[in-house]
Amino acid sequence: MIPWFVGSVVRNEGKKFLRFTGDVDLSQLSSEGETRGDRVSLYIHIPFCRTLCPFCCFNRYLFKEEQARSYFIDLRKEVDMYGALGFKFNDFYFGGGTPTVLMDELGDFIAYLRAKFDVRRISLETTPRELTPDTVAQLQTLGINRLSVGVQSFDNTLLKAMGRTLFKGEDSIEKLKLVQGKFDTVNVDLMFNFPTQTLEQFRSDVKIFKDMGIDQATFYPLMPSPHKMDALERKFRRVDTSREKRFYDIILHEVLDSGYKPATAWCFSRGDRMIDEYIIDYDDYIGVGAGSVGFLGGDFLVNSFSLEGYHNLVAQGKLPIVRMRRLSELEHCRYYMLTQFFGMGLNAESFRKRFGADIHSKLWAELIFFKMAGIIQERDGLISVSRRGMYPVGTMMKEFFASLNTLREYCIESGI
Ligand SMILES: C[S@@+](CC[C@H](N)C(=O)[O-])C[C@H]1O[C@@H](n2cnc3c(N)ncnc32)[C@H](O)[C@@H]1O
Ligand code: SF4
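Residues numbered from 1 in each chain as written. Chains lettered and ligands numbered in written order. Predicted model: local features only at pLDDT ≥ 70, side-chain atom pairs only at ≥ 80, totals over all residues. Heavy atoms only, no water.

## Notes on the packing of aromatic side chains
Aromatic ring pairs are reported here in terms of the distance separating the ring centres and the angle at which the planes meet. Applying the stated rule across the entire model yields 34 aromatic pairs. Relative to Y71, the ring of F48 lies with its centre 5.3 Å away and its plane at 90°, an arrangement referred to as edge-to-face. Of this pair, F48 sits in strand β2 (residues 48–49) while Y71 sits in helix α3 (residues 65–84), and the two are 23 residues apart along the sequence. This pair shows no difference in class: F48 is buried, exactly as Y71 is. (Phe/Tyr/Trp six-rings, centres within 6.5 Å; stacked < 30°, edge-to-face > 60°. Helix = DSSP H or I, 4+ residues; strand = E, 2+ residues; numbered from the N terminus. Buried < 20%, exposed > 50% of the residue type's maximum accessible area, 1.4 Å probe, protein only.)

Below you can see the structure in the form of structure tokens.
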């Protein structure tokens, strides 16, 4: 009941994502760059994949070499524009798509970042299929700190249902053996509540992850955009969200109770806290590349999703931001609370520094509700998420991502 309630509140709030406006006012960017430019992380989107998974809602296109090479040139130009505005990034997150589709371009791009910024940490996503001894050695040389591998499942029947037919579960295991111990953190992405997925299949995926002693796993509940949902339901009948909690309980029992620590409600690590989500680690982030979304000082900034639109704007020396939404102060406080709770806790002093006010006065009704529902507890200025609160907090985040997916689908289909 509580997860449903909090999820529906976020879902309704999330609909406001569709109220993004095309009147883009970037006047605050240079002052943000000058005042807070060293406390902003950089997300770099590489939207190319060798095959396209039917369930995926990210901005991705079938890989074409020439197009991808010219895209890397545009990326540099876009980063240069942020550099000129005073941004000094230290923390970088390459997501996709598949950032490793062109290793030579990736290498040159990282060298360029190192020449321009004080690079402290690089996170990078890839698929198991991309990992050869050669690419792994190159990624090590490039100084990738956190390597995230999208396994989705080790179960071949499920992989087939997901449309990931070219790579088998046993091959993923071999690829993971190849990367283990070679990076500060190796993460695997596993999905749950996919139609046809059984609890037993998921339990077995979790067991393989644990038995292999992989550093970190991020468990994604299926979050289809509206049209992807229709397509999945035509193929498999119903996407049944009522089963989701039973999958999540497996994570709590098999992962959390085995000593893994939650970095977020979906990401669990062995040993020290290893952060997964750039939106949790940094309050503000800039996104570069086609279809990336940034968040800066209360503004969501959305880049052109179309490769052509992206290229045309960058070629004219313009930032490719085509939509934005300025949050009201209350929305901004709530967004901050949501992301911090997803990261398992909120520091009241950090809230005061960001908003110049006490969280208990700004969000008193929300805090009372969350406390009464047993979702959070407060001690010495730290508001932390309880074990019982993890699923509802994940549900809130899922609804937030679902509204982003709706926005993505709208932009992709409208050629924005
Ligand atoms: C953008 S993908 C990049 C990883 C890489 N391209 C791959 O597929 O292996 C990051 C992760 O998002 C998750 N993901 C993609 N589409 C999803 C969806 N519709 N619902 C839930 N998770 C999804 C997958 O677990 C995937 O590994
Ligand atoms: S899940 Fe990964 S490989 Fe599949 S289409 Fe999405 S980004 Fe590409």
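What follows picks up the thread again.
## Section: the site of ligand 2
Ligand 2 sits among C49, L52, C53, C56, R60, G96, G97, T127 and R164. Of the residues that constitute the shell around ligand 2, the class distribution is four nonpolar, three polar and two charged. (Near = heavy atom within 4 Å. Nonpolar A, V, L, I, M, F, W, Y, C, P; charged D, E, K, R; others polar.)

## Focus: the domain arrangement of the protein chain
The domain architecture assigned to the protein chain consists of domain 1 (1–18 + 327–416) and domain 2 (19–281). Between domain 1 and domain 2, the C-alpha centre-to-centre distance is 22 Å. In this complex, domain 1 contributes 26 residues to the contact, which on the side of domain 2 involves 30 residues. When the two sides are added together, the surface that domain 1 and domain 2 hide from each other amounts to roughly 2600 Å², 61% of it contributed by carbon and sulfur. Broken down residue by residue, the surface that domain 1 buries against domain 2 is led by R387, Y391 and K398, which jointly contribute 26%. Counting across the domain 1 and domain 2 interface gives two salt bridges. (Domains from an automatic or database assignment. Contact = heavy atoms within 4.5 Å. Buried area = accessible area lost by both parts, 1.4 Å probe. Salt bridge = Lys/Arg side-chain N within 4 Å of Asp/Glu carboxyl O.)

## Observations regarding helix α17 (residues 387–413)
Under the 1.5 Å per step criterion, the end-to-end length of α17 is 39 Å for 27 residues, consistent within 8% with the ideal 39 Å. Immediately downstream of α17, the backbone of G415 shows phi near 65°, a positive value. (Expected span 1.5 Å × (residues − 1).)

## Thoughts on the packing of helix α13 (residues 329–342) against α17
At a minimum axis separation of 9 Å, α13 and α17 run at an interaxial angle of 125°. The orientation of α13 relative to α17 falls into the category oblique. Handedness of the α13/α17 crossing: left-handed. Mapping the contact onto sequence places Y335, L338, T339, F341 and F342 in α13 and V393, G394, M396, M397 and F400 in α17. Among the residues making up the contact of α13 with α17, the classes are represented as eight nonpolar, two polar and no charged. (Axes fitted to C-alpha atoms, helices over the stretch in contact; angles between N-to-C directions. Parallel < 35°, antiparallel > 145°, perpendicular 65-115°, else oblique. Left-handed = near helix turned anticlockwise from the far one by under 90°.)

## Focus: the sheet that holds strand β16 (residues 376–379)
With antiparallel pairing, the three strands of this open sheet are ordered in space as β15-β17-β16. Each having just a single partner strand, β15 (345–347) and β16 make up the two edges of the open sheet. On average, each strand axis in the sheet is tilted by 15° relative to the strand beside it, whichever way the strands run. The sheet contact formed by β15 and strand β17 (residues 382–385) spans three bridges and is antiparallel. Note that in β17 the partner of N347 across the bridge is L382. (Pairing = 2+ DSSP bridges.)

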